Amino acid sequence: MPPVDFRQSQSDIDTGHPAIHCNECQSALQSDSQQAVSFLLLDQLTIPIVSCDDHLERFASVCGLTTEDTATLLDHRPAGGICCPGCRLARYNAAQPLVPVEEGAIVAMACPVHQAEIVQRFHTGLETHHHLSSDVSSL
Ligand SMILES: [Zn+2]
Ligand SMILES: [Zn+2]
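Bear in mind the structure is a predicted one, so any value in this text is a computation, not a measurement.

Section: helix 2 (residues 53-64)
Line of reasoning, step 1. Between its first and last C-alpha atoms helix 2 spans 16 Å; for 12 residues at 1.5 Å apiece the expected length is 16 Å, and the two agree.
Line of reasoning, step 2. Every buried residue of helix 2 is accounted for by His55, Leu56, Phe59, Ala60, Val62 and Cys63. All buried residues of helix 2 fall inside an arc of 165° around its axis, so they share one side.

What follows is the structure in structure tokens.
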């Protein structure tokens, strides 16, 4: 009988903060170049976001559940620019909080007000998504 491998799934327990299991997210978040920045357009918000393509899209689609419009992702600065001066001046640094998205994470490079707002949208979207999927699976 082969020895049981306990290494899987043990590493996530008791680490205190969420680990990023997505290599692309990790490398996007570790590079401080502005090239990795995308822009999420949601209602009147324009939020610069750093993440990998997959988790960026995931984040955008969850946020999109909270609006009648669609959430749009741009990989370049929008033509109209960023209206909020605080967001425009925000820079990526280690103090910006990570927002876990499945096995990856995003960082919103926004002013504190809009950062809180987009994170709130994301959590609301997750709840909506959860309700939708649990409605289906409980039938
Ligand atoms: Zn990722
Ligand atoms: Zn702002």
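Alright, that's what it looks like, and here's the rest.
Looking at the confidence of the model for the protein
Line of reasoning, step 1. Averaged over the protein, the pLDDT score is 84; the fraction of residues at 70 or greater is 81%.
Line of reasoning, step 2. Every residue in residues 7-16 scores below 50 in pLDDT, and together they form one contact with partners more than four places removed in sequence or on other chains.

Side note on the environment of Val119
Line of reasoning, step 1. Looking at where Val119 falls in the secondary structure, it is placed in helix 4 (residues 112-137).
Line of reasoning, step 2. Placed 20 residues apart in sequence, Val119 and Val99 show a C-alpha to C-alpha distance of 7.5 Å.
Line of reasoning, step 3. Setting aside chain neighbours within four positions, we find Val119 in contact with Val99 and Ala108.

Re the environment of Glu103
Line of reasoning, step 1. With respect to the secondary-structure elements, Glu103 resides in the loop between strand 4 (98-101) and strand 5 (104-108).
Line of reasoning, step 2. Residues Glu103 and Cys22, 81 residues apart in the sequence, show an inter-C-alpha distance of 6.0 Å.
Line of reasoning, step 3. Those residues in contact with Glu103 that lie beyond four places of it in its chain are His21 and Cys22.

A look at the sheet that holds strand 4
By definition, the strands of a sheet pair up through backbone hydrogen bonds, in either a parallel or an antiparallel sense.
Line of reasoning, step 1. Spatially, five strands are ordered 3-1-2-5-4 in an open sheet, and the strand pairing comes out antiparallel. Single-partner strands in this sheet number two, and they are strand 3 (72-74) and strand 4. Looking at each pair of strands side by side, their axes are set apart by 35° on average, direction ignored.
Line of reasoning, step 2. Here strand 1 (residues 37-42) runs beside strand 2 (residues 45-50); their pairing, made up of six bridges, is antiparallel. Within the sheet, the bridge partner assigned to Val37 lies in strand 2 and is Val50.
Line of reasoning, step 3. Lying on the sheet, helix 1 (residues 23-30) is in contact with strand 2 and strand 5; it crosses strand 5 at an angle near 25°.

Things to note about unusual backbone geometry
Line of reasoning, step 1. We note that Asp43 has phi near 50°; this positive angle belongs to a residue other than glycine.
Line of reasoning, step 2. Structurally, Asp43 can be placed in the loop between strand 1 and strand 2.
Line of reasoning, step 3. Unusually for a residue other than glycine, Glu102 sits at a positive phi of about 50°.
Line of reasoning, step 4. Within the element layout of this structure, Glu102 appears in the loop between strand 4 and strand 5.
Line of reasoning, step 5. Since 13 C-beta atoms lie within 10 Å of it, Glu102 is described here as partly exposed.

Some points on helix 1
Line of reasoning, step 1. Turning to helix 1, its buried residues number three or more, namely Cys25, Ala28 and Leu29. Take helix 1 and look down its axis: the buried residues cluster within an arc of 95°, on one side only. Within helix 1, the exposed residues directed more than 90 degrees away from the buried face are Asn23, Ser27 and Gln30.
Line of reasoning, step 2. Those residues of helix 1 that are buried lie in contact with strand 2, helix 2 and strand 5.

Concerning the pairing of strand 1
Each regular strand carries side chains that alternate between the two faces of the sheet.
Line of reasoning, step 1. Only one face of strand 1 is buried: it carries Ser38, Leu40 and Leu42, and the other face, with Val37, Phe39 and Leu41, is open.
Line of reasoning, step 2. With antiparallel pairing between neighbouring strands as the criterion, strand 1 and strand 2 make up a hairpin whose turn holds two residues, including Asp43 at a positive phi of roughly 50°.
Line of reasoning, step 3. Bridge count for strand 1 against strand 3 is three bridges, and the pairing is antiparallel. In the strand pairing of strand 3, Leu40 is matched with Leu73.

Criteria and thresholds
Residues numbered from 1 in each chain as written. Chains lettered and ligands numbered in written order. Predicted model: local features only at pLDDT ≥ 70, side-chain atom pairs only at ≥ 80, totals over all residues. Helix = DSSP H or I, 4+ residues; strand = E, 2+ residues; numbered from the N terminus. Expected span 1.5 Å × (residues − 1). Buried ≥ 20, exposed ≤ 12 C-beta atoms within 10 Å, placed from the backbone. Arc of directions from axis to C-beta. pLDDT = per-residue confidence, 0-100. Contact = placed C-beta atoms within 7 Å. Pairing = 2+ DSSP bridges. Axes fitted to C-alpha atoms, helices over the stretch in contact; angles between N-to-C directions.

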